[in-house]
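Chain by chain, the residues:
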Amino acid sequence: MKKILITGGAGYIGSHTAVELWKAGMEPIILDDLSNSDPTVLDRLEEITGKRFAFYQGDCNKKSLLKSIAEKHKIEGVIHFAAFKAVGESTQQPLKYYRNNVGSLLVLLKFMEEKGIKDLVFSSSCTVYGQPEVLPVTESTPRQEAESPYGNTKKICEDILVDCVKSEMGIRVISLRYFNPVGAHPSAKIGELPLGTPNNLVPFITQVAAGIREKLTVFGDDYDTVDGSCVRDYIHVVDLAEAHVKALAYLNKQENNFYDVFNVGTGNGNSVLEVIHAFEKVSGVKLNYQVGPRRPGDVVKTWADTTKINNVLGWKAKYSLEDSMRDSWNWQKSLD
Ligand SMILES: NC(=O)c1ccc[n+]([C@@H]2O[C@H](COP(=O)([O-])OP(=O)(O)OC[C@H]3O[C@@H](n4cnc5c(N)ncnc54)[C@H](O)[C@@H]3O)[C@@H](O)[C@H]2O)c1
């Protein structure tokens, strides 16, 4: 069985990807420092798959740790999820973000070079596009100056990968630019586990519905969108996880020195108010929300053109927004 190292594999997207890799006949080897995740996820993964995955707790900035994992397992590919992702915090503590997000990629690439590991899938983000002038966003839409140190780390990491692919390292890399990951595993055994106040809309919604938070504020309802609230492309995390499996399979067929980027989204935009109403419909819970002023720096609307990933990787989103809301709500209820 092909062994794939998943950095940040105990986290939200990494844990779902571990399940999909296993289903596709690959063995995930998980490395996570648990800075933003909980070790019980390993038990949950075992309940879903029937398999106890190899798990190493530690910082992927430590090459000695990566090497010790490679001594125990023949690693044939890497998916690099490990990063900090709180946009607001990144503006307050930029060095923390550059060190972890950029630093860990540098260490990982050096490790891959030394061990002759060729294939890497990198977690990038639609944040690299900023507010695009033309929608939907294709992969050739120009990247814009980053709004935050977090966004900048994704741009810088993409650039580092492009340079490394041109070198003698011979690596093959896909950067997946995620749109807005939402939902949870349909088993409700794994999902997004925000520490403290959620930065993302859907965990905020489910926490308000569960009575953990009093109310949700919608930041602006007077934008030039379908109902005035901001529009995003919400992609179910299981669909997103499957895109990593497709990306690895595709990389495996490429010559050395290969790089490409793919948008991962549904191809549809939904407004914040549409998300709220979809949640209310599937949960039967009336959400306590209010409309507040616009939030400075918010992208007004963005959604993906998914033609490239549909045609080249043969991947297409299967879950609907309502599926995502149902699974997020079941996950939230399982936490009570
Ligand atoms: N969730 C989103 O909205 C979103 C959108 C676009 C891109 N991304 C990117 O996808 C990736 C995964 O995001 P997620 O939502 O699953 O986040 P997450 O925080 O749930 O998962 C990241 C995991 O990495 C771990 N980690 C962080 N630094 C580490 C280090 N140095 N060594 C080992 N482990 C470390 C954390 O403990 C956590 O378990 C990140 O790179 C993120 O920037 C996320």
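First, a word on what this report is: a plain description of the structure on this page.

What counts and what doesn't
Residues numbered from 1 in each chain as written. Predicted model: local features only at pLDDT ≥ 70, side-chain atom pairs only at ≥ 80, totals over all residues. Heavy atoms only, no water. Salt bridge = Lys/Arg side-chain N within 4 Å of Asp/Glu carboxyl O. Helix = DSSP H or I, 4+ residues; strand = E, 2+ residues; numbered from the N terminus. Buried < 20%, exposed > 50% of the residue type's maximum accessible area, 1.4 Å probe, protein only. Pairing = 2+ DSSP bridges. Axes fitted to C-alpha atoms, helices over the stretch in contact; angles between N-to-C directions. Contact = heavy atoms within 4.5 Å. Near = heavy atom within 4 Å. Polar contact = N/O pair within 3.5 Å; in protein donor to acceptor, adjacent residues only side chain to side chain. Areas by Shrake-Rupley, 256 points an atom, 1.4 Å probe, with all protein chains shown as cover. Nonpolar A, V, L, I, M, F, W, Y, C, P; charged D, E, K, R; others polar. Core = buried A, V, L, I, M, F, W, Y, C linked by side-chain atoms within 4.5 Å. Parallel < 35°, antiparallel > 145°, perpendicular 65-115°, else oblique. Left-handed = near helix turned anticlockwise from the far one by under 90°.

Thoughts on the pattern of salt bridges
- Under the criterion given, the structure shown has 23 salt bridges.
- Across the salt bridge formed by Glu-114 and Lys-67, the nearest N and O atoms sit 3.4 Å from each other. Of this pair, Glu-114 sits in helix H5 (residues 94-115) while Lys-67 sits in helix H3 (residues 63-72); the two residues are 47 residues apart in sequence, bridging distant segments of the chain.
- On the accessibility criterion, Glu-114 (40% relative accessible area) is partly exposed.
- Put simply, Arg-143, Glu-158, Asp-159 and Arg-177 are held in one network by salt bridges that share partners.

Describing the sheet that holds strand E5 (residues 119-125)
- With parallel pairing, 7 strands are arranged side by side in an open sheet as E3-E2-E1-E4-E5-E6-E11. Where the open sheet ends on each side, the last strands, each with one partner, are strand E3 (54-57) and strand E11 (258-264). Adjacent strand axes in the sheet meet at a mean angle of 20° when their direction is disregarded.
- Pairing between strand E4 (residues 75-80) and E5: 4 bridges, direction parallel. The residue of E5 that forms the bridge with Gly-77 is Asp-119.
- Here helix H1 (residues 12-23) sits on the sheet and contacts strand E1 (2-7), strand E2 (26-32), E4 and strand E6 (172-178); the angle it forms with E2, its principal contact strand, is near 160°.
- Contacts from helix H8 (residues 237-252) reach E1, E2, E4, E5, E6 and E11, with the element oriented near 160° to E6.

Quick word on the site of the ligand
- Lining the immediate environment of the ligand, one finds 28 residues, of which Asp-32, Asn-36, Ser-37, Lys-85 and Tyr-150 sit closest.
- Side-chain polar atom of Asn-61 to a nitrogen atom of the ligand: 3.5 Å apart, as the coordinates give it.
- Residue Lys-85 places a side-chain N or O atom 2.7 Å away from an oxygen atom belonging to the ligand.
- Protein burial of the ligand: of its 820 Å² of free accessible surface, 96% is covered by the chains.
- If one sorts the elements of the shell around the ligand by residue count, E5 sits on top with 3 residues.
- Residue composition of the shell around the ligand, by class: 11 nonpolar, 12 polar and 5 charged.

A word on the nonpolar core
- Formed by 38 residues in total, the largest nonpolar core has its most connected members in Leu-21, Leu-45, Ile-174, Leu-176, Val-264 and Leu-313.
- Those elements that provide at least two residues to this core are E1, H1, E2, helix H2 (40-49), E6, H8, E11 and helix H10 (307-313).
- Ile-174 has contacts with Leu-120, Val-121, Phe-122, Ala-247, Tyr-250, Leu-251, Phe-258, Asp-260, Phe-262 and Leu-313, leaving out every residue within four places of it along the chain.
- Core analysis: the next-biggest nonpolar cluster, separate from the first, contains 31 residues, Ala-70, Ile-75, Ala-82 and Leu-105 among them.

Here's the deal with the side chain of Ser-283
- Along the chain, Ser-283 turns up in helix H9 (residues 272-283).
- In this structure Ser-283 comes out as buried when scored by relative accessible area, which is 17%.
- A distance of 2.7 Å separates a polar side-chain atom of Ser-283 from the backbone oxygen of Phe-279.
- Within polar-contact distance, the side chain of Ser-283 engages the backbone nitrogen of Val-285 at 3.0 Å.

Observations regarding the pairing of E4
- The element E4 is extensively covered by neighbouring structure, given that 5 of its 6 residues are classed as buried.
- Bridge analysis of E1 against E4 gives 5 bridges, and the strand direction is parallel. Each residue of the ladder has a partner; that of Ile-6, found in E4, is Ile-79.

Brief notes about the packing of H1 against H2
- The N-to-C vectors of H1 and H2 enclose an angle of 30°; their axes lie 11 Å apart at closest approach. Classified by the angle their axes make, H1 and H2 are roughly parallel. The handedness of the crossing between H1 and H2 is right-handed. Residues Ser-15, Ala-18, Val-19 and Trp-22 of H1 touch H2, and the partners they reach there are Val-41, Leu-45, Ile-48 and Thr-49.

Describing the packing of H1 against H8
- H8 packs onto H1 with a crossing angle of 60° between their chain directions and a minimal axis gap of 8 Å. Judged by the angle between their axes, H1 and H8 are oblique. The chirality of how H1 crosses H8 is right-handed. Residues Tyr-12, Ile-13, His-16, Thr-17, Glu-20 and Leu-21 of H1 pack against Val-237, Val-238, Leu-240, Ala-241, Glu-242, His-244, Val-245 and Leu-248 of H8.
- Here the residues of the contact of H1 with H8 are counted per class, giving 9 nonpolar, 3 polar and 2 charged.

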